[in-house]
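# Observations on the three-dimensional arrangement
Residues per chain, in single letters:
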2 protein chains.
Amino acid sequence: MLDVSLIGTGGMMPLHNRHLTAMLVRYKGSMLLVDCGEGTQVTMRQLGWGFANLDYVLITHFHADHVSGIPGLLLSLSNYGRTAPLTIVGLKGIKRIINSLRVIAPGLLFPIEFVELEFGTSTGAVDIPPTKKNSCDNRLSQEICLGDFNIRALLLEHSTACAGYSLSFKRGGKFDVERAREQNIPLKLWSVLQSGKAVDGFTPDMVLGAPRKGLKISYITDSRPIAAIPEFIKNSDLLICEGLYGDDDMKEKANGFSHMIFSDAARLAKAGNVKEMWLTHYSPAFKEPQSHIKSATTIFKNAKAAYDRMTTTLLFEELEHI
Amino acid sequence: MLDVSLIGTGGMMPLHNRHLTAMLVRYKGSMLLVDCGEGTQVTMRQLGWGFANLDYVLITHFHADHVSGIPGLLLSLSNYGRTAPLTIVGLKGIKRIINSLRVIAPGLLFPIEFVELEFGTSTGAVDIPPTKKNSCDNRLSQEICLGDFNIRALLLEHSTACAGYSLSFKRGGKFDVERAREQNIPLKLWSVLQSGKAVDGFTPDMVLGAPRKGLKISYITDSRPIAAIPEFIKNSDLLICEGLYGDDDMKEKANGFSHMIFSDAARLAKAGNVKEMWLTHYSPAFKEPQSHIKSATTIFKNAKAAYDRMTTTLLFEELEHI
């Protein structure tokens, strides 16, 4: 089971009734946070999943509404007694930015491990000029595996370097009891083989079927719509995508600010063949996103205008049929 | 008229139902903010006084719960179109701290002017060892005048260097119409003289009575109770004072963490002969401060356990009798 909560849905500045956009994902006892603006720790507290299992933080870009909550979050983790390392992933510069913010969060009880993303054959994310559109090879990072979270990043097009993320949760083949018995594999080794590891001369392929369909979540904000996105988000079970405004007549303004409107996001969701899309990162001036949802659903039916702490549990395919 | 709002009452970490402690003061078209933690801009928005007239920010100390909201506030001011300078006052190091936080708030449309406090005959705030208690001369800053806000700072005793502040609002003498007529002072000069300025050979003392009682607000957080406080807050119309916990049996714990409990604050308020005290900076674990108010009121009657955006208007003495 994979729990996903969009703990905030605002863009630019925090409001008392709308936290800044951030996503919390919980899987196999570990939590991963994407973005951490001013107040993200507050909505995390409201959600009630605790802080103890937060092991990974992904930052999309260095605009304050996506990263300004880091010092407070780090201090809270320390106050709650964390000693285990926290991994923070981001574009080139993430270590410098976080350490600069840590001027007010020194003396933490836990270490921070940084992962700076590298894209394609390029030497680094920020080296790619924004005019070089749709160069998907250079835009895509290698897969990073953090525990059971398999992470890829796509270089988006925003007013500053910005990464979209996809999280993949892989699922091994089904354990074939008959084949294990036929090969006289000792019972005590079954669980090791099932977890994908070889043991005592036996290998997983001797007892496991073909890998089964996993789960995929994609998170795209902030960006103007670009052609590289559909391939990146392809077949996602859930797409979180920005929609700064709802109305089509705001398209020029939104795109001009390197953002999207609802219909931009819907076209990407449709092209990417995702199962469901949640819209987020609303402008502070955009008061009732839900009332504009038709701008998206006429293009992509399964679009929803998300609200703070909108939460779902994604199930692996077989489990859905239990 | 002087408006005061305690826009947050929490300590250590922001909660969804309690913002971090900060005070906003509005006087003669200008606003002054004391402290700016994570979410302070949110509660400012809820208060509804706007951002356009925010000219001064005072920071008590560099713990994150008092300063982490600065990047977000600066960006919001810039987004709202501010071009006028913003003055930020704080202890030695304020410029370095704010500039380090500004790694995520570059390119503002307005300049920041820093005022670094100097205490007594010492070369700077942080040079005074915390063991040198009650050395009031060295603990007190010179008066700083920012527009109509006359500010003094007191070096408190916390786990890091921390300043308490008092804001004084002075009131000149009453204009004596009879004397002005007797001296044949042209009518068009009256308003200039009334504002305290000399003009065309006439001086204010020719028409103004003795200075009248002004108003005074004091703000004391974070600190253990120290003997220098009563003199500093003396005769305040309003004292904002920390009370991390309410119960007397928490005194050792609170003082050990360089904080106060309600009764500590009440003794200071009584010794300082203040008119009214609002308690604030509650521990996140302290759920119902109002239910513990007797710990304070048995010592100092006019104590209140404040809540977010508790607001009052202070009037100059004569106006109270209109």
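Just above sits the structure.
My aim in this report is to walk through the structure given alongside it, one point at a time. Quick caveat, the model's predicted, so the values are computed rather than measured.

Rules used throughout
- Residues numbered from 1 in each chain as written.
- Chains lettered and ligands numbered in written order.
- Predicted model: local features only at pLDDT ≥ 70, side-chain atom pairs only at ≥ 80, totals over all residues.
- Heavy atoms only, no water.
- Helix = DSSP H or I, 4+ residues; strand = E, 2+ residues; numbered from the N terminus.
- Buried < 20%, exposed > 50% of the residue type's maximum accessible area, 1.4 Å probe, protein only.
- Contact = heavy atoms within 4.5 Å.
- Areas by Shrake-Rupley, 256 points an atom, 1.4 Å probe, with all protein chains shown as cover.
- Lys, Arg positive; Asp, Glu negative; His and termini not counted.
- Charge placed at Lys NZ, Arg CZ, Asp CG, Glu CD.
- Pairing = 2+ DSSP bridges.
- Axes fitted to C-alpha atoms, helices over the stretch in contact; angles between N-to-C directions.

## Here's the deal with the overall build of chain A
For chain A, the count of helices and strands is 12 helices and 14 strands. Expressed along its principal axes, the backbone C-alpha trace of chain A runs to roughly 65 × 50 × 40 Å. Expressed as a percentage of the 322 residues in chain A, the buried residues total 57%. In chain A, the proportion of contacts linking residues at least 24 apart, taken out of those at least 6 apart, comes to 64%. Carbon and sulfur atoms form 51% of the exposed surface of chain A, whose accessible area is close to 13,400 Å². Here chain A contributes 35 positive and 33 negative side-chain charges, whose respective centroids are spaced 1 Å apart.

## With respect to the sheet that holds strand E12 (residues 277-280) of chain A
Residues and elements named next belong to chain A. The strand order across the open sheet formed by 7 strands is E7-E8-E9-E10-E11-E12-E13, and the pairing between neighbours is mixed. Because the sheet does not close on itself, it has two edges, and the strands there are strand E7 (144-146) and strand E13 (303-305). Neighbour to neighbour, the strand axes of the sheet diverge by 25 degrees on average, direction disregarded. As judged from the 6 bridges shared by strand E8 (residues 149-155) and strand E9 (residues 163-171), these two strands associate in the antiparallel manner. Its bridge partner lying in E9, Leu155 is registered against Ala163.

## A short note on the environment of Leu244 of chain B
Residues and elements named next belong to chain B. Secondary-structure assignment places Leu244 in the loop between strand E11 (238-242) and helix H9 (251-256). With 135 residues separating them along the chain, Leu244 and Leu109 place their C-alpha atoms 38 Å apart. Ignoring sequence-local partners within four residues, the contact set of Leu244 consists of His259, Met260, Ile261, His281, Tyr282, Ser283 and Phe286.

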